[in-house]
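# Analysis of the macromolecular model
The primary structure of each chain is shown beneath.
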Amino acid sequence: MSTIPTTTVTELPDDAVIVDVREADEWAAGHAPNAVHIPLSDLPARLGELPDSDDTIPVVCRSGGRSGRAVEWLAQQGFDVANVEGGMRAWHSAGKQLAGSGEPRIL
């Protein structure tokens with residue numbers, strides 16, 4: 001089994017553009033301000049919506065499981081991606097800003 005590329009929230013700038021693969025209710029509750037929302041189940045059909053970047057694209061979910069699967073698949077497709085260790089829980093725990101409806105939180 002191949003090693004999944006990873007990054008940590010401390011390695012990401014607060015204004016990082018990341019791909020969030022959580023479900024719509026999780027996204028609405030709270031997400032990184034510059035995140036692009038593409039639920040894991042929609043990813044194959046929405047590859048054209050991935051951020052255009054010369055840098056590695058961070059991918060996040062709640063705790064790292066779904067985003068790990070997304071990163072593994074995207075890397076096989078030739079994308080330069082990395083799983084955000086600890087997911088949005090780690091993002092929030094690090095005190096990074098959240099956007100969302102009402103009082104942003106992580107579901």
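Let me sum up the structure you'll find in this document. Nothing here was measured: the structure is a model prediction, and the numbers come from that model.

### Thoughts on the packing of aromatic side chains
If you walk through the whole model with that rule in mind, you get 0 aromatic pairs. Above the ring of Trp 91, the side-chain terminus of Lys 96 is found at 5.1 Å from the ring centroid.

### What about the side chain of His 37?
Structurally, His 37 is set in strand 3 (residues 36–37). The class of His 37 is buried, set by a relative accessible area of 17%. Reaching out from His 37, the side chain makes a polar contact with the backbone oxygen of Arg 22 at a distance of 2.8 Å. Setting aside chain neighbours within four positions, we find His 37 in contact with Asp 20, Arg 22, Glu 23, Ala 24, Trp 27 and Arg 46.

### Points about the pairing of strand 4 (residues 57–60)
The two faces of strand 4 match: Ile 57 and Val 59 on one face and Pro 58 and Val 60 on the other face are all buried. Sheet topology note: the strand 2 (residues 19–20)/strand 4 ladder contains 2 bridges and is parallel. The residue bridging Val 19 from the neighbouring strand is Val 59, located in strand 4. Sheet topology places strand 4 next to strand 5 (residues 81–84); 3 bridges connect them, and they run parallel. Residue Ile 57 lies in a different strand from strand 5, and its bridge partner there is Val 81. Between strand 4 and its parallel partner strand 5, the chain crosses via helix 2 (residues 65–76), and the hand of that crossover is right-handed.

Rules behind the numbers
- Residues numbered from 1 in each chain as written.
- Predicted model: local features only at pLDDT ≥ 70, side-chain atom pairs only at ≥ 80, totals over all residues.
- Heavy atoms only, no water.
- Phe/Tyr/Trp six-rings, centres within 6.5 Å; stacked < 30°, edge-to-face > 60°.
- Lys NZ or Arg CZ within 6 Å of the ring centre and 35° of its normal.
- Helix = DSSP H or I, 4+ residues; strand = E, 2+ residues; numbered from the N terminus.
- Buried < 20%, exposed > 50% of the residue type's maximum accessible area, 1.4 Å probe, protein only.
- Polar contact = N/O pair within 3.5 Å; in protein donor to acceptor, adjacent residues only side chain to side chain.
- Contact = heavy atoms within 4.5 Å.
- Pairing = 2+ DSSP bridges.
- Right-handed = clockwise from strand over helix to strand, strands pointing away.

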